[in-house]
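# Residue-level structure breakdown
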There are 2 protein chains.
Amino acid sequence: MTTVAEAQQFILAHARSFGTESVPLAAALGRVLAQPVIADRDYPPFDRATMDGYAVQSADFQHNAEVSLRLLERIHAGDTGTQIVETGTCSKIMTGAPVPSGADAVVRVEDTQLEGDQVRFTMTSVRGGQNIARRGEDAHQNDLLLNDNLLITPQAASVLAVTGHADVVVARLPTVGIVSTGNEVIPLGAPVLPHQIRDSNAWALRGFFATCQITDVTATLAADDKAALRDTVAGLLEQKDIVVLSGGVSKGDADYVPEVLQSLGVRQVFHRVRIKPGGPLWFGVTAGGKAVFGLPGNPVSVQVAC
Amino acid sequence: MTTVAEAQQFILAHARSFGTESVPLAAALGRVLAQPVIADRDYPPFDRATMDGYAVQSADFQHNAEVSLRLLERIHAGDTGTQIVETGTCSKIMTGAPVPSGADAVVRVEDTQLEGDQVRFTMTSVRGGQNIARRGEDAHQNDLLLNDNLLITPQAASVLAVTGHADVVVARLPTVGIVSTGNEVIPLGAPVLPHQIRDSNAWALRGFFATCQITDVTATLAADDKAALRDTVAGLLEQKDIVVLSGGVSKGDADYVPEVLQSLGVRQVFHRVRIKPGGPLWFGVTAGGKAVFGLPGNPVSVQVAC
């Protein structure tokens, strides 16, 4: 009998792409990215101050003595400096602002005192590049930032946003038709007689698909009647990428599912897997590559097989 | 400084319910159940055959000899038997069908041969109750099946469906307002100048909330301007259950967030947590119990603090 590992291999061997589609970024979360994401520019896009402080020339601090520099201007995040920082001068700079021309270091505000237009530095050592995130330090323009075939996590969404992807190409999700078989099964919401049970398998299956963000799912009931079952499945095979049935796959008198599926041209790949419960699992594919799963009818068996 | 564990405790101490709402079962997946689920009847609701076979009296098999029994009728799933199984008789029964009166065991069809209206049994030992799932064996009417405050998994959805819950009372999810602060930050979709960066934090935050199914989220930008920031946050505090800001929580000249929040009556619970990056995290609550989070502006810091 087919083992679980073999069954999974058989199913994966018949897995196929359902194409791609472009969706707004807000709808792309949890979907699978179907395009590589390339840096549209350097990141950071400019030499950026990582502290509030003063942009200086580090050479002004090489004499190991206290230094005072003339303040040129204040540069906020979102501004650009208008003056070049030359020896003897500095510009106040806020976190996130571009470091002005001429400066090669930022001294944090805590190490300074402002006196009129002079800034007195209360430390003596300045390292070139300190407190600056260099342009291109995180990524260079045209670098690959995200591979395709990657799940779009919140972190990936952040990368997509910063690189300007208002729309994202993602893998299209399959559409699914669910069929719960059995004369005793009635739909949720209908009155239930003592010898009937409400359909629960469709809801477990909907739930499993929902965890993969697959929500284009229709669920129908089919009586234990070959012709009716055949009509129902034939209709779903036309409309849906995947069809999943529950019940009717064992060896009983009313277990028409394998026979009906094969009469519809669904080629059996395997029937029965070495799991318990869930053993009578049936899997097949159509000539067009649509996947059809016949799960047992018992609710626990359905969940295990699924 | 506040540790991460302490910060989590402070936040949880201010956590509150956002009420409950009734939603269709299809919309309840991944939500938190806010009602206990009680068995509306016994499960199984009747003595149910677990195999295709023959419903018999086990007493007919106590002589350790081969047995032939007269066939009364065929009972499919969804049917009820019309005849009582007495000694010397049996009824054919399909998996899922109710065991007819008089019978106390089901012999699987593989162990029988049908000859006219006589069924010959090719085994001799029958155990009372075999191949029958007894009424109430899984749960009795009025038993508690699901506690409230439980995440609605596919398995739970199956239980909700079988017990007839077309609509489910679930915990209402909070509404969220996100504010990305910083003059240098521009919205996704707008042209970006060299010294500007696109907002990515709102997208990371949207993503984190989406993983909790929280999708009633609006995101806005606010410049580094006290009055504008105050107006934006005041508006969100009226409309939303939770407000999350990114940026402006450090000690820089443009870090107005703590001051603005306190001026709006948001009481600081903590500011700064012993994590890196993400340390300047601010958390406070309004008198009405709304939660406000001030996250740092750096994208990695936001994700760590979140």
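As shown above, the structure is provided for reference.
Everything numeric here is computed off the predicted structure, so don't read it as measured data. Along every chain, residues carry numbers that run from 1 in the direction the sequence is written. Chains carry letters from A onward and ligands carry numbers from 1 onward, assigned in written order. Side-chain atom pairs in this predicted model are given and counted only at pLDDT of 80 or more, local residue features only at pLDDT of at least 70, and totals for whole chains, interfaces and linings cover all residues. No hydrogens and no water enter the side-chain calculation; it runs on all heavy atoms of the structure.

In this description a helix means any DSSP run of H or I spanning at least four residues, a strand means any run of E spanning at least two, and both kinds are numbered starting from the N terminus. Helices and strands together make up the secondary structure of chain A, namely 7 helices and 20 strands. For a compact globule the rule gives 2.2 Å times the number of residues to the power 0.38, and the radius of gyration it is set against comes from C-alpha atoms. Relative to the globule expectation of 19 Å for 306 residues, the C-alpha radius of gyration of chain A, 32 Å, shows a markedly less compact shape. Relative accessibility decides the category of a residue: with a 1.4 Å probe and only protein chains considered, values under 20% of the type maximum give buried, values over 50% give exposed, and everything between is partly exposed. Here chain A holds 306 residues, and 50% of them are scored as buried. By definition, residues are in contact when any of their heavy atoms lie within 4.5 Å. Counting only contacts in chain A whose residues sit at least 6 apart along the sequence, the fraction spanning at least 24 positions is 69%.

Turning next to the environment of T2 of chain A. Inspection of the secondary structure assignment puts T2 of chain A in the segment before α1 (4-13). Here the alpha-carbon distance between T2 of chain A and L261 of chain A, two residues 259 residues apart in the chain, equals 20 Å.

Glancing now at the sheet that holds strand β7 (residues 105-108) of chain B. Strands belonging to one sheet form pairs held by backbone hydrogen bonds; the direction of such a pair is parallel or antiparallel. Residue and element names in this part refer to chain B. In space, the 6 strands of this open sheet follow the order β7-β4-β6-β5-β9-β8, with mixed pairing throughout. At either margin of the open sheet sits one strand with a lone partner, and together these are β7 and β8 (112-115). Strand-to-strand twist across the sheet, computed as the mean angle between neighbouring axes with direction ignored, equals 40°. When strand β4 (residues 53-56) meets β7, the two strands line up antiparallel, connected through 4 bridges. Two strands form a pair only when DSSP identifies at least two bridges running between them. Angles here are taken between N-to-C directions and fall from 0 to 180 degrees, while the axes themselves are lines fitted to C-alpha atoms, restricted in helices to the stretch in contact.

All right, on to helix α5 (residues 226-239) of chain A then. All names here are of chain A. The span you would expect from a helix comes to 1.5 Å times its residue count less one. For α5, built from 14 residues, the straight-helix expectation of 20 Å at 1.5 Å per residue is met to within 8% by its first-to-last C-alpha distance of 20 Å. The complete set of buried residues in α5 reads L229, V233, L236 and L237. Angular distribution of buried residues about the axis of α5 spans 105°; they occupy a single face of the element. In this structure, α5 carries A227, D231, E238 and Q239 as exposed residues pointing more than 90 degrees from its buried face. The inward-facing, buried residues of α5 contact β13 (176-181), β16 (217-222), β17 (242-246), α6 (257-263) and β20 (291-295). A distance of 3.3 Å separates the backbone nitrogen of A227 from a side-chain oxygen at the start of α5, and that oxygen is part of D225. What the arc measures is the spread of directions leading from the helix axis to the C-beta atoms. Here a polar contact means two N or O atoms within 3.5 Å. Within protein one must be a hydrogen donor candidate and the other an acceptor candidate, and residues neighboring in sequence count only if both atoms are side-chain atoms.

The criterion for an aromatic pair is that two Phe, Tyr or Trp rings (for Trp, the six-membered ring) have centres within 6.5 Å, with stacked assigned to planes under 30 degrees apart, edge-to-face to planes over 60 apart and tilted to the rest. Under the defined criterion, the tally for this structure stands at 10 aromatic pairs over all chains. Ring plane angle 85° and centroid distance 5.1 Å describe the contact between F61 of chain B and F121 of chain B, whose orientation is recorded as edge-to-face. On the criterion of sequence distance, the pair formed by F61 of chain B in the loop between β4 and β5 (67-75) and F121 of chain B in strand β9 (residues 118-121) is long-range, its members being 60 residues apart. Here F61 of chain B falls in the buried class, since its relative accessible area comes to 4%. Classification of F121 of chain B as buried rests on a relative accessible area of 0%. With a centroid separation of 5.6 Å and an interplanar angle of 40°, the aromatic rings of F270 of chain B and F283 of chain B are classed as tilted. Placement of the pair is F270 of chain B in strand β18 (residues 267-271) and F283 of chain B in strand β19 (residues 282-285), with a sequence separation of 13 residues. In terms of burial, F270 of chain B and F283 of chain B fall into one category: buried. An aromatic cluster of at least three residues, connected via ring pairs, comprises F10, F270, F283 and F293 of chain A.

On to the pairing of β13 of chain A. Consecutive residues of a regular strand have side chains that alternate between opposite faces of the sheet. All names here are of chain A. Counting buried residues along β13, 6 of its 6 residues qualify, which places the element largely inside the surrounding structure. Burial along β13 is two-sided: V176, I178 and S180 and G177, V179 and T181, pointing in opposite directions, are all buried. Here β13 pairs with β16 via 6 bridges, running parallel. Residue G177 lies in a different strand from β16, and its bridge partner there is T218. Across 5 bridges, β13 lies against β17 in parallel orientation. Bridge pairing in β17 links G177 to V243.

Residues and elements named next belong to chain A. Whether a set of points on the 1 Å grid over the protein atoms alone is a cavity depends on a 1.4 Å probe fitting there but being unable to get out, while an open set qualifies as a pocket with protein on both sides within 12 Å along at least five of seven lines; lining residues are those with an atom within 4 Å of a point. Grid points are joined across faces, edges and corners, and a volume is the space filled by probe spheres set on the points. This structure, assessed with the given rule, holds 1 cavity of 30 Å³ or more. Size it by volume and the largest cavity reaches roughly 30 Å³. Lining the largest cavity are T181, A223, D224, D225, L229, G248, A254, Y256 and V257.

With that settled, consider the interface of chain A and chain B. Taken together, the contact between chain A and chain B spans 52 residues of the former and 53 residues of the latter. In this assembly, chain A packs against chain B so that about 4100 Å² is buried in total across both faces, 62% of it on carbon and sulfur atoms. The largest per-residue losses of area from chain A upon contact with chain B belong to H195, R198 and W203 of chain A, which jointly make up 14% of the total buried on that side. Salt bridges, as used here, are contacts in which a Lys or Arg side-chain nitrogen is within 4 Å of a carboxyl oxygen on Asp or Glu. Where chain A touches chain B, the interface holds 2 salt bridges. A salt bridge links R198 of chain B to D40 of chain A; the shortest N-O distance between them is 3.0 Å. The interface formed by chain A and chain B contains 14 residue pairs in polar contact (both at pLDDT 80 or more). Buried area: the accessible area, evaluated with a 1.4 Å probe, that two parts lose upon being put together, summed over both parts.

We now examine helix α3 (residues 154-162) of chain B. For the α-helix, the turn length of 3.6 residues means that residues three or four positions removed from each other point alike. By the criterion of burial, α3 of chain B is predominantly enclosed, with 7 of the 9 residues buried. For α3 of chain B, the complete set of buried residues consists of P154, A156, A157, S158, L160, A161 and V162 of chain B.

On to the pattern of salt bridges. All names here are of chain A. With the rule as written, the count across this model stands at 22 salt bridges over all chains. Here R16 ties to D241 by a salt bridge, and the two come within 3.8 Å at their closest N and O atoms. Taken together, the residues span a long stretch of sequence, with R16 in the loop between α1 and β1 (20-24) and D241 in the loop between α5 and β17 at a distance of 225 residues. By relative accessible area, which is 34% here, R16 ends up partly exposed. A salt bridge links D47 to R134, with the shortest nitrogen-to-oxygen separation between them at 2.9 Å. Within this pair, whereas D47 is found in the loop between β2 (37-38) and β3 (48-49), its partner R134 is found in the loop between β10 (132-133) and β11 (144-146), the two being separated by 87 residues in sequence. Using a relative accessible area of 33% as the deciding quantity, one classes R134 as partly exposed.

Turning our attention to the sheet that holds strand β19 (residues 282-285) of chain A. All names here are of chain A. Read from one edge of the open sheet, 6 strands run β16-β13-β17-β20-β19-β18, paired in mixed fashion. Whereas interior strands pair on both sides, the edge strands pair on one side only; in this sheet they are β16 and β18 (267-271). The average angle at which neighbouring strand axes cross in this sheet is 20°, direction not considered. With respect to the sheet, α1 is in contact with β18, β19 and β20, its orientation differing from that of β18 by roughly 160°. Lying on the sheet, helix α4 (residues 201-211) is in contact with β13, β16, β17 and β20; it crosses β13 at an angle near 155°.

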